[in-house]
Amino acid sequence: MLGYLKQEFAGREGPATPQATGAESPVVASLEKIDRRRFLQLTGAAGVFAVALRVLPAEAMEPYPTGAAGMPNGTVADPHVFVAIAEDGTVTIVAHRSEMGTGSRTSLPMVVADELEADWARVRVVQAPGDEPRYGNQDTDGSRSLRHFVQPMRQCGAALRAMLEAAAAAEWGVDPGRVRAVDHEVVLLGDTSRRLGYGALAAAAMAQPVPPFDSLRFKPESEFRYIGKGEIAIVDLRDITTGTASFGADPRLPGMKVAVVARPPVVGGTVKSYDASETLKLPGVERVVEIAGSTPPAKFAPLGGIAVVADNTWTALQGRNRLRIEWDDGPNGGYDSTAFEAAMRETARKPGKAIRTQGDPEAAFAAAERVVSAEYYQPHMIHAPMEPPVAIASVTADRAEVWAPVQSPYGTRQDVAELLGLPIEAVTVNVTLLGGGFGRKSKCDYVQEAALVSKAVGAPVKLQWTREDEIRHGFYHTTSVERIEAAIDGAGKVSGWRHRSVAPSILSTFAPDSGYQFPIEHGMGFVDMPFDIPNVACENGQAMAHTRIGWFRAVSNLPRAFAVQSFVGELAYALGRDPKEMLLELIGPARVIDPAAAGMPEDFWNYGEPYESFPIDTGRLRGVVELAAEKAGWGKALPEREGLGIAAHRSFVSYIASVVHVKVGEDGTISVPEVTTAVDCGFCINPERVASQMEGAAVMGMTLALHSAVTYARGRVEQSNFYDYEMARMDRYPGKVGVHIVEHPFSVHASGVGEPGLPPFAPALANAIFAATGKRLRDLPFGERIA
């Protein structure tokens, strides 16, 4: 998402750093791949797919357009950029996307290695610094890493394989068509005793011109060794497991100081005065540095405050506690989340700005036999990754170098260069592993703080955030009220749909706040609602931002999926229908939706992807609903106070359905014995990572549904740590998560995985709780117990 915002609001303008790697035994999650024939049986959409899945010639990869071309700095496929081969045959592949558990640091090099015919045991992976002109776009968000780079990485591997074959052919004086690269060697066809290893050919191969795309011989899918198999463990698994992996706080520099910052308790607040005399008396405290504040909209600029610099973290924290600061709270000092919720609800009950209009909604409601309506509320939430923000900076008069867990390495480099007044060539950003991100580490305010303090003290500085800092001073998922109304005609069919969405916009972080959301937010489960309803109105009510709004895993899909899919369950109850059958009826027949005919706006946002490559295909949505229901045993008899709930959602151009099995104890305690998730992400590049992401989404979904709420009083965040901003504990995790992946050929384009598993969870849980108890929960979070 950052890349799209960069395009709209900001013009865009060395060697990779090795990290420890490993090729360990595969870790295979519990998953099932569903072949295309079975999927078509479930969807009843064979006719639809017969056109889409035309057979490609062997040894071909037909290119298809993606949104990568519209991202800052696009894609790069040059093997000279991404691959090096040593004389001993070791293949080093550069990972240019950040690693935070999604597996892109493994999966993209794995794609290169497969097309290269490299032995994975002889492959090492190194992390790229922030350098988009060299590597292509590096914004690791929006579930785009594999979606945008599987084609360039296949091209990279196939090109280098061709270069190795050309080098061997030249060595033997034969036509290149008579040689083949096989398992880290090039052999002469018809005389396999003649073979040369990659190490022996490396220098000559790298001197070859890079062959054009049209000349490349791509592997047929039947010859894939790693792609689509799910048998490669993440390269950092051993190091993470044994505690030797390098995360943001781990690098050590000579003479490095440690700093923490006392920040304004209210966004937009400033320091009126401060007294650091007691702080400076503390042994080990070296100095304090005032950081200038920023006035919204400030993008990712620091909040400002007073930094305490010491020779160790504990001393810096104690020094911060001794500061005496008088704050000016500024214009947001009166922000109260309870009052704001009430105001949003009032706004949602009135007409808003029309965003999508299909048919004649007013006539449908006027003629309705009855109207069903409900409101759904979601509070602010914070990312709370296990690793709080941290950055190490070393700034001199003419250079700056940073080590940090960042999702946007080049964006960080740009922002630091601008902040310090340095040319971008004078700034280096080294990317460590991320101990979780969820969108928070796309925003580099913490890196800018480190750079400012390092410049002020003239020494390397590690600037460390605490958990309390992260919860009280972060970027927050927007709060929202979603009101949905359905007109029911005389035949008991839904003839009209009105959805009013009221939420502060992410745009307020980047531009003057109008109080209205913008097309990127509209496109997340709002105007792209895929139901077969003839009359639809989507309206947006005004809500001004009073804190820093930032994207969070799945972004606006969370409140929209919660509202829409919960409301489907409410309609099923109101109409005496089975919830799964109600959902399928609303989705309607298998078809590709025409956005214009459906009344979607001209600026309809399709996750940045060309619609011809990634249309809204209701056949695929129906398919995951049917598949998840079948695998969960939908309709089976359950004990009293147990129930199944279902929800499905398209986001990041993937289709996900989840069935949650809930058990509600006599004391109201909510537990989830099992979650069943069906995933249609197009061609599945790394099934092990897809399953892992769905399992993680179920755990995070429990946290968000039961616990996550950031509240404000007097402009201040009221939570501070995991005792009042709780996580789902291990004994509260779903007992089992079954993941079922729809299998497709490469011609069904790979789509997003990191975020789409999360939106269906909360509504599926809410629907399950209703099935078990008859109690409808419309406000998040639910709490661990229901009354």
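Numbers given to residues run from 1 along each chain, matching the order in which its sequence is written. Two thresholds apply to this predicted model, a pLDDT of at least 70 for residue-level local features and 80 or more for giving and counting side-chain atom pairs, whereas whole-chain, interface and lining totals are computed over all residues. Hydrogens and water molecules were not included; the side-chain quantities draw on all heavy atoms of the structure.

1. Here we look at the overall build of the chain
Moving on, step 1. The helix and strand tally for the chain stands at 22 helices and 28 strands.
Moving on, step 2. Counting only C-alpha atoms, the chain reaches 85 × 75 × 50 Å along its principal axes.
Moving on, step 3. Per-residue burial for the chain yields a buried fraction of 63% across its 787 residues.
Moving on, step 4. Of the roughly 27500 Å² that the chain leaves accessible, carbon and sulfur atoms contribute 51%. Helix and strand labels come from DSSP, where a helix needs a run of H or I of at least four residues and a strand needs a run of E of at least two; each type is numbered from the N terminus. Accessibility here uses a 1.4 Å probe with only protein chains present; expressed as a share of the type maximum, an area under 20% marks a residue as buried, one over 50% as exposed, and anything in between as partly exposed. Per-residue and other accessible areas were derived by the Shrake-Rupley procedure at a 1.4 Å probe size, with only the shown protein chains allowed to occlude residues.

2. Remarks on the sheet that holds strand S15 (residues 370–378)
Moving on, step 1. One requirement defines pairing of two strands: DSSP has to find at least two bridges between them. Strand order across the open sheet formed by five strands is S14-S22-S21-S20-S15, with mixed pairing between neighbours. In the strand order of this sheet, the two ends are held by strand S14 (353–358) and S15, each with one partner. The mean inter-strand angle of the sheet, taken between neighbouring strand axes irrespective of direction, is 10°.
Moving on, step 2. The pairing of strand S21 (residues 494–502) with strand S22 (residues 536–541) spans six bridges and is classified as parallel. Bridge pairing links Arg-500 to Glu-539 in S22.
Moving on, step 3. Between two residues, a contact is recorded if the distance between any of their heavy atoms is within 4.5 Å. For every element, the axis is a line fit to its C-alpha atoms; helices are fit only across the contacting stretch, and the angle between N-to-C directions ranges from 0 to 180 degrees. Sheet strands in contact with helix H18 (residues 557–574) are S15, strand S20 (480–488) and S21, and its direction is about 145° off that of S15.

3. Let's talk about the packing of H18 against helix H22 (residues 761–773)
Moving on, step 1. Their axes nearest at 8 Å, the elements H18 and H22 cross at an angle of 25°. Considered as vectors, H18 and H22 are oriented roughly parallel to each other. Two packed elements cross with a definite hand, and for H18 against H22 that hand is right-handed. Listed contacts from H22 to Ala-561, Phe-562, Gln-565, Ser-566, Gly-569 and Tyr-573 of H18 are Ala-762, Pro-763, Ala-766, Asn-767 and Phe-770.
Moving on, step 2. Across the contact of H18 with H22, the residue classes tally to seven nonpolar, four polar and no charged. The labels follow the angle: roughly parallel below 35 degrees, roughly antiparallel above 145, roughly perpendicular from 65 to 115, and oblique for the rest. Here a crossing is called left-handed whenever its near helix is offset anticlockwise from the far helix by less than a right angle, and right-handed whenever the offset is clockwise. Asp, Glu, Lys and Arg are counted as charged, while Ala, Val, Leu, Ile, Met, Phe, Trp, Tyr, Cys and Pro are counted as nonpolar; the rest, among them Gly, fall into the polar class.

4. Notes on unusual backbone geometry
Moving on, step 1. Of the consecutive residues Pro-296 and Pro-297, the connecting peptide bond is found in the cis state with omega at 0°.
Moving on, step 2. Here Pro-297 lies in the loop between strand S11 (285–291) and strand S12 (305–310).
Moving on, step 3. A cis amide bond links Leu-780 with the next residue in sequence, Pro-781, at an omega value of -10°.
Moving on, step 4. Residue position: Pro-781 is located in the segment after H22.
Moving on, step 5. The backbone phi angle of Glu-117 is positive, close to 65°, even though this residue is not glycine.
Moving on, step 6. Examined against the element boundaries, Glu-117 turns out to sit in the loop between helix H5 (104–116) and strand S5 (123–127).

5. Topic: helix H14 (residues 409–420)
Moving on, step 1. Working rule for helices: expected span equals 1.5 Å times residues minus one. Here H14 contains twelve residues, and its C-alpha end-to-end distance of 17 Å stays within 8% of the 16 Å for a straight helix at 1.5 Å per residue.
Moving on, step 2. Counted residue by residue, H14 has ten buried out of twelve residues, so it is predominantly covered.
Moving on, step 3. Among the residues making up H14, those that are buried are Pro-409, Tyr-410, Gly-411, Thr-412, Arg-413, Gln-414, Asp-415, Val-416, Ala-417 and Leu-420.
Moving on, step 4. Two residues or fewer past H14, Gly-421 is found with a positive phi of approximately 70°.

6. Looking at the nonpolar core
Moving on, step 1. Phe-82, Val-83, Trp-120, Leu-164, Val-186, Val-447 and Ile-685 are the most contacted members of the largest nonpolar core, which has 135 residues in total.
Moving on, step 2. In terms of residues, this core owes the most to one element, helix H7 (residues 145–172), which gives 14 residues.
Moving on, step 3. Ignoring anything within four residues of it in the chain, the contact list for Leu-164 reads Ile-85, Leu-116, Val-186, Tyr-198, Leu-201 and Ala-205.
Moving on, step 4. The criterion is simple. A nonpolar core is a set of buried Ala, Val, Leu, Ile, Met, Phe, Trp, Tyr and Cys residues joined through side-chain atoms within 4.5 Å. Listed in part, the 84 residues of the second largest apolar core include Val-662, Cys-684, Ala-691 and Ala-772.

7. Thoughts on the environment of Arg-195
Moving on, step 1. By the element assignment, Arg-195 lies in strand S8 (residues 191–197).
Moving on, step 2. A relative accessible area of 39% places Arg-195 in the partly exposed class.
Moving on, step 3. Taking the C-alpha atoms as reference, Arg-195 lies 6.4 Å from Glu-185; in sequence the two are ten residues apart.
Moving on, step 4. Apart from the residues within four sequence positions on either side, Arg-195 is in contact with Trp-172, Glu-185, Val-186 and Val-187.
Moving on, step 5. Polar contact is the term for a pair of N or O atoms within 3.5 Å; when the atoms are in protein, one must be able to donate a hydrogen and the other to accept it, and sequence-neighboring residues count only if both atoms are side-chain atoms. In terms of polar contacts, Arg-195 uses its side chain to reach the side chain of Glu-185, at 2.7 Å.
Moving on, step 6. In this structure the side chain of Arg-195 is engaged in a polar contact, spanning 2.8 Å, whose partner is the backbone oxygen of Thr-192.

8. A closer look at the domain arrangement of the chain
One widely used convention gives an interface's size as the accessible area the parts lose upon coming together.
Moving on, step 1. Domain delimitation follows an automatic or database domain assignment. Taken as a whole, the chain is organised into domain 1 (75–242), domain 2 (257–331 + 389–464) and domain 3 (337–382 + 475–773).
Moving on, step 2. One C-alpha centre belongs to domain 1, the other to domain 2; they are set 39 Å apart.
Moving on, step 3. Contacts between the two partners involve 17 residues from domain 1 and, on the opposite side, 14 residues from domain 2.
Moving on, step 4. In total, domain 1 and domain 2 occlude about 1200 Å² of area from one another, counting both sides; carbon and sulfur atoms represent 55% of this.
Moving on, step 5. Buried area adds together the accessible area that both of two parts lose upon being put together, with accessible area traced by a 1.4 Å probe. If you sort the residues of domain 1 by the area they bury against domain 2, Ser-98, Met-100 and Gly-130 come out on top, with a joint share of 38%.
Moving on, step 6. Each reported salt bridge corresponds to a side-chain nitrogen of Lys or Arg within 4 Å of a carboxyl oxygen of Asp or Glu. Taken together, domain 1 and domain 2 are joined by one salt bridge.

9. Regarding the environment of Arg-472
Moving on, step 1. With respect to the helices and strands, Arg-472 occurs in helix H16 (residues 467–472).
Moving on, step 2. On a C-alpha basis, the gap between Arg-472 and Asn-721 in space is 9.1 Å, while along the polypeptide they are 249 residues apart.
Moving on, step 3. Those residues within four positions of Arg-472 in sequence are excluded, and the remaining contacts are Val-717, Gln-719 and Ser-720.
Moving on, step 4. Engagement of the side chain of Arg-472 in a polar contact is seen with the backbone oxygen of Gln-719, the distance being 3.3 Å.

10. A look at the pattern of salt bridges
Moving on, step 1. In this structure the tally under the stated criterion is 45 salt bridges.
Moving on, step 2. One salt bridge in this structure joins Lys-299 and Asp-415, with 2.9 Å as the shortest N-O distance. Here Asp-415 lies in helix H14 and Lys-299 lies in the loop between S11 and S12, a separation of 116 residues in the sequence.
Moving on, step 3. Given the relative accessible area of 11%, Asp-415 is considered buried.
Moving on, step 4. One salt bridge connects Arg-467 with Glu-470, and the closest N-O pair in it is separated by 3.4 Å. Of this pair, Arg-467 and Glu-470 both sit in helix H16, three residues apart, which is roughly one turn of that helix.

11. Side note on the side chain of Glu-755
Moving on, step 1. In this fold, Glu-755 is placed in the loop between strand S28 (737–742) and H22.
Moving on, step 2. Only four residue types enter the tally: Lys and Arg on the positive side, Asp and Glu on the negative side; His and the chain ends are excluded. The side chain of Glu-755 is buried and forms no salt bridge, while Arg-553, the nearest opposite charge, is found at 6.6 Å.
Moving on, step 3. Polar contacts involving the side chain of Glu-755 include one to the main-chain amide nitrogen of Gly-142, which spans 3.3 Å.

12. A word on the side chain of Thr-140
Moving on, step 1. Checked against the element boundaries, Thr-140 lands in the loop between helix H6 (132–135) and H7.
Moving on, step 2. For Thr-140, a relative accessible area of 4% gives the class buried.
Moving on, step 3. In this structure, Thr-140 is in contact with Arg-97, Ser-98, Met-100, Ser-145 and Gln-407, ignoring residues within four places of it in sequence.

13. Focus on H5
Since one α-helical turn is 3.6 residues long, residues separated by three or four positions face the same way.
Moving on, step 1. A rise of 1.5 Å per residue sets the reference length of H5, with its 13 residues, at 18 Å; its end C-alpha atoms lie 18 Å apart and thus fit the reference within 8%.
Moving on, step 2. With 13 of its 13 residues buried, H5 lies for the most part within the structure.
Moving on, step 3. Note on H5: the residue one or two positions beyond its end, Glu-117, has a positive phi of about 65°.

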